[in-house]
Amino acid sequence: MPQDIEPRLLRAFVAVADELHFTRAAARLYVAQQALSRDIRRLERELGVELFVRTTRQVALTAEAERLLPYARRALAAQEELVAAFGGGGAGAGRPLVVDISAPMSTGNEVLAEARGRIAPEVELVAHFHSGLTGAAAELLAGRLDVSFGRVGGLDPAVLARLDHQLVRYERMAVVLREDHPLARLPEVPLDALAGETLYAAAGNAATAEWTELAAQLFAGRGIVMAEPFPQIEGVEEFTRVVAKRRWSVLASTVFISMPGTVLRPLTGPVPLSPVSMVWRRGLRHPGLDALRAAAAALGAAGGWLDAPPGSWLPSPEAAEAAATLTTPSAPG
């Protein structure tokens, strides 16, 4: 048994174990497939075990690989935390940082645009459009995404424990209405006026479970009905088509895509807020992440992104956390 195993070899192993596909694993690590296969063979030699059963159709983990996997994940997490704690560029600093911004019209996109103006030319931030933080969190932990945006309060605590996050913005919630809807003439729509209305809030889309759960909290006791579950809708054009065909009203935020034939109206009475955080894998170190965090802080300060109107509504557990922040006395200076 070797005394030292290079983190690169463990990283290659975990990528193949996650993807069960050498080509996809190589793409995820930004290495050639031949180099990845070479690292796996070297790790197998050093450990004296076979890790994968490879056929022309599939890749499967051996029993020894199943045993190694949790150890490898812990070792890589510890290595990333060490690098983060003591500075340096980190193992992935030279590669592109993959940033999920959900949609072209989003808080994440604003932060990304600002961050791109703060980075050196050789640092690359690549945008992805993965709707829903619940789904994106799994991609973050698997290494297929680096950063995402959304509501962390709706995540499984076990998942959240493996992620770091920074509250970026309280987005004011809104409703998308057809232009001929009776409430469309109002500049703001009181929540009480939606009693008896049915609103689409992504029920049936497992990737956006945190949004549906927020909606359920907001609708409770107000007589607002959740639209029945519907298959996940991919892309802005398809979402616009389905909403128009089904004549849905949609729960949204004021940071939302423009759709023909509809109006976007802020909600009031009280003003409901959707907390948006920037989320990344714990221990991630990359100059692009530093730029994103600085950009989020700058935009938030300039735009009052974290200013909550008096009497506004927040979901649980974010409401309790915000109250605790406000009531906790400052430490003596």
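Treat the numbers as computed from the prediction; the structure is a model and nothing was measured.

Rules and cut-offs
- Residues numbered from 1 in each chain as written.
- Predicted model: local features only at pLDDT ≥ 70, side-chain atom pairs only at ≥ 80, totals over all residues.
- Heavy atoms only, no water.
- Helix = DSSP H or I, 4+ residues; strand = E, 2+ residues; numbered from the N terminus.
- Buried < 20%, exposed > 50% of the residue type's maximum accessible area, 1.4 Å probe, protein only.
- Contact = heavy atoms within 4.5 Å.
- Phe/Tyr/Trp six-rings, centres within 6.5 Å; stacked < 30°, edge-to-face > 60°.
- Lys NZ or Arg CZ within 6 Å of the ring centre and 35° of its normal.
- Core = buried A, V, L, I, M, F, W, Y, C linked by side-chain atoms within 4.5 Å.
- Arc of directions from axis to C-beta.
- pLDDT = per-residue confidence, 0-100.

Quick word on the overall build of the protein chain
Thought 1: A tally of helices and strands in the protein chain yields 11 helices and 12 strands.
Thought 2: Put simply, the protein chain has 333 residues, and 43% of those count as buried.
Thought 3: When contacts within the protein chain are restricted to residue pairs at least 6 apart in sequence, long-range pairs at least 24 apart make up 75% of them.

Let's talk about the packing of aromatic side chains
Thought 1: Within this structure, the stated rule accounts for six aromatic pairs.
Thought 2: Between phenylalanine 239 and phenylalanine 256 the ring centres are 6.3 Å apart and the planes differ by 75°, which places this aromatic pair in the edge-to-face class. Here phenylalanine 239 is found in helix α9 (residues 236–246), whereas its partner phenylalanine 256 is found in the loop between β10 (249–253) and β11 (262–268), with 17 residues between them in sequence.
Thought 3: Classification of phenylalanine 239 by relative accessible area gives buried; the value is 13%.
Thought 4: Members of the aromatic cluster, connected to one another through ring pairs, are Tyr200, Phe230, Phe239, Trp248 and Phe256.
Thought 5: The ring of tyrosine 71 carries arginine 74 above its face, with NZ or CZ at 5.0 Å from the centroid.

Details of the nonpolar core
Thought 1: Among the nonpolar cores identified, the biggest contains 33 residues, and Met173, Tyr200, Phe239, Trp248, Leu251 and Leu267 are the most heavily contacted of them.
Thought 2: Listed by contribution, the elements that provide at least two residues to this core are β6 (163–178), β8 (198–200), α8 (209–219), α9, β10 and β11.
Thought 3: When residues of this core are assigned to their parent elements, the largest contribution, five residues, is made by α8.
Thought 4: Ignoring anything within four residues of it in the chain, the contact list for tyrosine 200 reads Ala227, Phe230, Ile233, Phe239, Trp248, Ser249, Val250 and Leu251.
Thought 5: Listed in part, the 24 residues of the second largest apolar core include Leu9, Ala25, Ala26 and Ile40.

Quick notes on α9
Thought 1: Looking only at α9, the buried set comprises Phe239, Thr240, Val242 and Val243. Buried residues along α9 cover an arc of 170° about the axis, so they all sit on one side. Of the exposed residues in α9, the ones pointing more than 90 degrees away from its buried face are Glu237, Ala244 and Lys245.
Thought 2: Each element contacted by the buried residues of α9 is listed here: β8 and β10.
Thought 3: At the exit of α9 stands arginine 247, carrying a positive phi of roughly 55°.

Let's talk about the environment of aspartate 4
Thought 1: Within the fold, aspartate 4 resides in the segment before α1 (7–19).
Thought 2: By relative accessible area, aspartate 4 is classed as exposed at 66%.
Thought 3: Distance in space between the C-alpha atoms of aspartate 4 and leucine 199 is 57 Å, their sequence separation being 195 residues.

What about the confidence of the model for the protein chain?
Interpretation of the predicted coordinates at a detailed level should be avoided for regions scoring low in pLDDT.
Thought 1: In the predicted model, the protein chain carries a mean pLDDT of 89, and 92% of its residues have values of at least 70.
Thought 2: Looking across the protein chain, the model is least confident in helix α11 (residues 318–327), with a mean pLDDT of 73, and most confident in strand β7 (residues 189–190), with 98.
Thought 3: Here residues 87–91 is modelled with pLDDT under 50, and outside its nearest four sequence neighbours on either side it reaches seven contacts, counting other chains as well.
Thought 4: Confidence drops under pLDDT 50 across residues 327–333; counting only partners more than four residues distant or on other chains, this segment forms zero contacts.

Examining the side chain of serine 249
Thought 1: Within the fold, serine 249 resides in strand β10.
Thought 2: The class for serine 249 is buried, based on a relative accessible area of 4%.
Thought 3: Not counting chain neighbours up to four residues away, the residues in contact with serine 249 comprise Val175, Val176, Leu177, His181, Glu197, Thr198, Leu199 and Tyr200.

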